[in-house]
Amino acid sequence: MMKVITIDGPAGSGKSTVSQLVALELGWIYVTTGAIYRTLALLLHEAGMLGDKQSVHNAIERFVAFLADRYRQDTRSGRVFLGDRELTNEIKSPFISEKASFVAQDELVRQKLLPVQRRVVLECNGAVVDGRDMGTVVFPEAPLKFFLTASVEERARRRIHELEKMGQTVSESELSKEISERDKRDSDRKVAPMVPASDAITLDCTQLSPEEVVKTILKYSLERGLVPKCK
Ligand code: DC
């Protein structure tokens with residue numbers, strides 16, 4: 001059986017924290033695919049190409065090859081590197097969050113990034129992957145899928161906390177607006193919209209701590225035979 005657990009959901013639903021903890025418990029790798037879209041958005045921004053669909057299309061093969069060659073995500077901490085350059089904090093800014101969501105609407109971009117995402121995961125012995133379309137498009141054959149939700153207010157609070165830890169300040173109202181607009185864009189897009197897979201388990205995490213969500217996910221992993229009973 002394919003050893004992949006997919007965790008999809010909107011911005012700030014807690015999917016990366018939870019995925020990281022579940023992976024640690026299982027001794028599997030953790031992959032957060034949003035970081036790939038964010039890195040691509042940063043590269044396109046630095047090349048002055050954001051917003052110019054034709055230029056992006058003309059250069060996409062080159063950009064994706066560059067990224068696939070140098071991109072590295074620490075499979076425990078989730079820290080992101082491009083060659084020697086660490087991008088972990090830079091790609092989490094609200095500016096890049098918004099740009100990544102725009103870049104992610106493009107069908108050709110998604111098509112080119114699909115094998116990059118699958119390769120990382122299929123080369124390893126067990127992975128917890130988070131994103132928007134993990135359960136629907138990238139790993140439709142995954143044996144265990146989750147969709148995490150939480151209220152916009154709670155998600156904005158979590159993101160503010162995360163940004164503050166990185167030394168970035170944003171107001172709650174500004175962030176709520178950014179999150180709502182991004183949710184709408186991610187859910188309404190024509191290709192691979194953010195929707196729960198038909199076989200996904202939806203968990204509302206508004207009132208749940210990450211540890212409680214992790215416990216639930218581990219319970220299902222055991223029930224589905226993804227981990228030996230003694231784990
Ligand atoms: O998960 P995240 O907030 O880091 O993702 C940033 C953006 O990237 C998100 O707004 C939409 C896009 N994304 C996507 O379209 N598909 C994925 N599998 C992951 C992210």
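Residues numbered from 1 in each chain as written. Predicted model: local features only at pLDDT ≥ 70, side-chain atom pairs only at ≥ 80, totals over all residues. Heavy atoms only, no water.

**Quick word on the pattern of salt bridges**
Part 1: Summed over all chains, the structure comprises 19 salt bridges.
Part 2: Between Arg118 and Glu141 there is a salt bridge, and its shortest N-O distance comes to 2.9 Å. In this pair, Arg118 is assigned in helix H5 (residues 107–122) and Glu141 in the loop between helix H6 (134–138) and strand E7 (144–149), connecting sequence segments 23 residues apart.
Part 3: Overall, the relative accessible area of 42% leaves Glu141 in the partly exposed class.
Part 4: Residues Arg158 and Glu154 are paired through a salt bridge, measuring 3.1 Å at the closest nitrogen-oxygen approach. You can see Arg158 and its partner Glu154 sitting in helix H7 (residues 152–165), four residues apart, about one turn around the helix. (Salt bridge = Lys/Arg side-chain N within 4 Å of Asp/Glu carboxyl O. Helix = DSSP H or I, 4+ residues; strand = E, 2+ residues; numbered from the N terminus. Buried < 20%, exposed > 50% of the residue type's maximum accessible area, 1.4 Å probe, protein only.)

**Here's the deal with unusual backbone geometry**
Glycine aside, residues mostly have negative phi angles, and peptide bonds mostly take the trans form.
Part 1: Even without a glycine there, the phi angle at Ala192 is positive, about 45°.
Part 2: Mapping Ala192 onto the fold places it in the loop between helix H8 (172–188) and strand E8 (201–204).

**Describing the site of the ligand**
Part 1: In the region of the ligand, 16 residues are neighbours, and Arg38, Arg110, Arg132, Arg182 and Asp186 sit closest.
Part 2: At 2.8 Å from an oxygen atom of the ligand is found a side-chain nitrogen or oxygen belonging to Arg132.
Part 3: Between the ligand and Arg182, the relevant distance is 2.8 Å, taken from an oxygen atom to a side-chain nitrogen or oxygen of the residue.
Part 4: The protein chains hide 95% of the 450 Å² of surface that the ligand would expose on its own.
Part 5: Those elements that provide at least two residues to the shell around the ligand are helix H2 (34–46), helix H4 (94–103) and H8.
Part 6: With three residues, H2 is the single largest residue contributor to the shell around the ligand. (Near = heavy atom within 4 Å. Polar contact = N/O pair within 3.5 Å; in protein donor to acceptor, adjacent residues only side chain to side chain. Areas by Shrake-Rupley, 256 points an atom, 1.4 Å probe, with all protein chains shown as cover.)

**What to know about the side chain of Ser97**
Part 1: Note that Ser97 resides in helix H4.
Part 2: Using a relative accessible area of 0% as the deciding quantity, one classes Ser97 as buried.
Part 3: If we ignore the near neighbours within four places in the chain, the residues touching Ser97 are Arg38, Lys92, Arg159, Glu178 and Arg182. (Contact = heavy atoms within 4.5 Å.)

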